[in-house]
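Fold and geometry: a report
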Amino acid sequence: MAPVYALNLFDVADRDEYLAYSRRSAREVAAHGGRVVALGKFRESVTGEVEPRQVLILVEWESKEAFDSYRNDPALADLHPHRENGSSAYIWHLFDKLEDLRPLLKE
């Protein structure tokens, strides 16, 4: 199973709701095979058509299956609504891990 990266971009819509999510999510992400690689606060838009979001979180997951286990674990059914209610304009994209760009640049 190959690692995947989950790019999370969002705005905080409800501070208390997102705090309720973040207090528990780091532990649960780790328990399901994820590791937060980077946290960021929006600085500026340099180029591109994506509407800026306040927050960036990049998580490396052991595999797509590990990511899915986090999203679909019935024991976390009470956790995910805090993320959903505490954020807005959420973008959640998955990227396959590459060691270099050669696979993308082949003809």
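Computed from a predicted structure; not experimentally measured.

**Brief notes about helix H2 (residues 64-72)**
Burial in H2 covers these residues: Ala66, Phe67 and Tyr70. End-on view of H2: buried residues confined to an arc of 100°, all on one side of the axis. Against strand S1 (4-12), helix H1 (15-31), strand S3 (55-61), helix H3 (80-86) and strand S4 (87-96) lie the buried residues of H2.

**A look at unusual backbone geometry**
Positive phi, normally seen in glycine, also occurs at Ala89, with a value near 55°. Counting through the fold element by element, Ala89 comes out in strand S4. Judged by relative accessible area, Ala89 falls into the partly exposed class, the value being 38%.

**A word on the side chain of Ser63**
Here Ser63 is to be found in the loop between S3 and H2. Among the residues examined, Ser63 registers a relative accessible area of 5% and is labelled buried. One polar contact links the side chain of Ser63 to the main-chain amide nitrogen of Ala66, over a distance of 3.0 Å. Setting aside its immediate chain neighbours within four residues, Ser63 contacts Met1, Ala2, Pro3 and Val4.

**As for the packing of aromatic side chains**
Taken as a whole and judged by the stated rule, the model has seven aromatic pairs. On the numbers, 5.0 Å between centres and 35° between planes, the contact of Phe10 with Tyr18 is tilted. Per residue, the accessibility class of Phe10 equals that of Tyr18, and both read buried. Ring geometry for Trp61 and Phe67: centres 5.7 Å apart, planes at 75°, overall edge-to-face. By the burial criterion, Trp61 is buried, and Phe67 matches it. Taken together, Phe10, Tyr18, Tyr21, Trp61, Phe67, Tyr70, Tyr90 and Trp92 form an aromatic cluster joined through their ring pairs. Across the ring face of Tyr90, the terminal group of Arg83 is positioned such that the distance to the ring centre comes to 5.6 Å.

Thresholds, definitions, all that
- Residues numbered from 1 in each chain as written.
- Predicted model: local features only at pLDDT ≥ 70, side-chain atom pairs only at ≥ 80, totals over all residues.
- Heavy atoms only, no water.
- Buried < 20%, exposed > 50% of the residue type's maximum accessible area, 1.4 Å probe, protein only.
- Helix = DSSP H or I, 4+ residues; strand = E, 2+ residues; numbered from the N terminus.
- Arc of directions from axis to C-beta.
- Contact = heavy atoms within 4.5 Å.
- Polar contact = N/O pair within 3.5 Å; in protein donor to acceptor, adjacent residues only side chain to side chain.
- Phe/Tyr/Trp six-rings, centres within 6.5 Å; stacked < 30°, edge-to-face > 60°.
- Lys NZ or Arg CZ within 6 Å of the ring centre and 35° of its normal.

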